[in-house]
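Reading the structure
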Amino acid sequence: MRLLPSLREKQRYVVCGVESATPVSFADTAHAVQEALASFIGLLGMARAGVQILPERWDQNRQRFVVRVDHRSIDELKAALLLIKKIKNTSVIVQSVLVTGTLKKITPTK
């Protein structure tokens, strides 16, 4: 049975970029993002936000990834990303690049 569009949870896709001296792997980045979210909003907050890091959208060359999150939790996600300072002993800056409602709007040029 399908839900009406008004009853579905509204999701947003946040494109995030990692700036570092050396490239980092997706697994290390995903682990760091999950730890930052757990420490900032807690496990219950993560469950309410419905955070999903999409591995198929990882761009190794540009060091970008996509996180799916509830539309009410975008600000918490952005704040948690800014708290990430190191990934595997590599100093990094993780920031949001783009927020969109559909995956089609995420193009390789952005």
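Since we're looking at a predicted model, the values are computed, not measured. (Residues numbered from 1 in each chain as written. Predicted model: local features only at pLDDT ≥ 70, side-chain atom pairs only at ≥ 80, totals over all residues. Heavy atoms only, no water.)

Remarks on the sheet that holds strand β1 (residues 11–20)
Strands pair in a sheet through their backbones, by hydrogen bonds, and they do so in one of two ways: parallel or antiparallel. Overall, antiparallel pairing links the five strands, which are arranged β2-β3-β1-β5-β4 in an open sheet. Single-partner strands in this sheet number two, and they are β2 (52–59) and β4 (86–87). Pairing of β1 with strand β5 (residues 90–100) involves eight bridges; the strand directions are antiparallel. Directly across from Glu19, in β5, lies its bridge partner Ile93. Against the sheet, helix α1 (residues 26–49) touches β1, β2, β3 (64–70) and β4, its axis set at about 155° to β2. (Pairing = 2+ DSSP bridges. Helix = DSSP H or I, 4+ residues; strand = E, 2+ residues; numbered from the N terminus. Contact = heavy atoms within 4.5 Å. Axes fitted to C-alpha atoms, helices over the stretch in contact; angles between N-to-C directions.)

Details of the nonpolar core
A general feature of soluble globular proteins is that nonpolar side chains tend to end up buried together. Judged by nonpolar contacts, the single largest core of 24 residues is most densely connected at Val33, Phe65, Leu77, Leu81, Ile84, Val92 and Val94. Elements supplying a minimum of two residues to this core: β1, α1, β2, β3, α2 (74–82) and β5. Ranked by residues supplied to this core, first place goes to α1 with seven residues. Among residues more than four places away in sequence, those in contact with Val94 are Gly17, Val18, Phe65, Leu81, Leu82 and Ile84. Counting residues in each nonpolar core, the second largest holds five residues, with Tyr13, Val15, Val66 and Ile106 among its members. (Core = buried A, V, L, I, M, F, W, Y, C linked by side-chain atoms within 4.5 Å. Buried < 20%, exposed > 50% of the residue type's maximum accessible area, 1.4 Å probe, protein only.)

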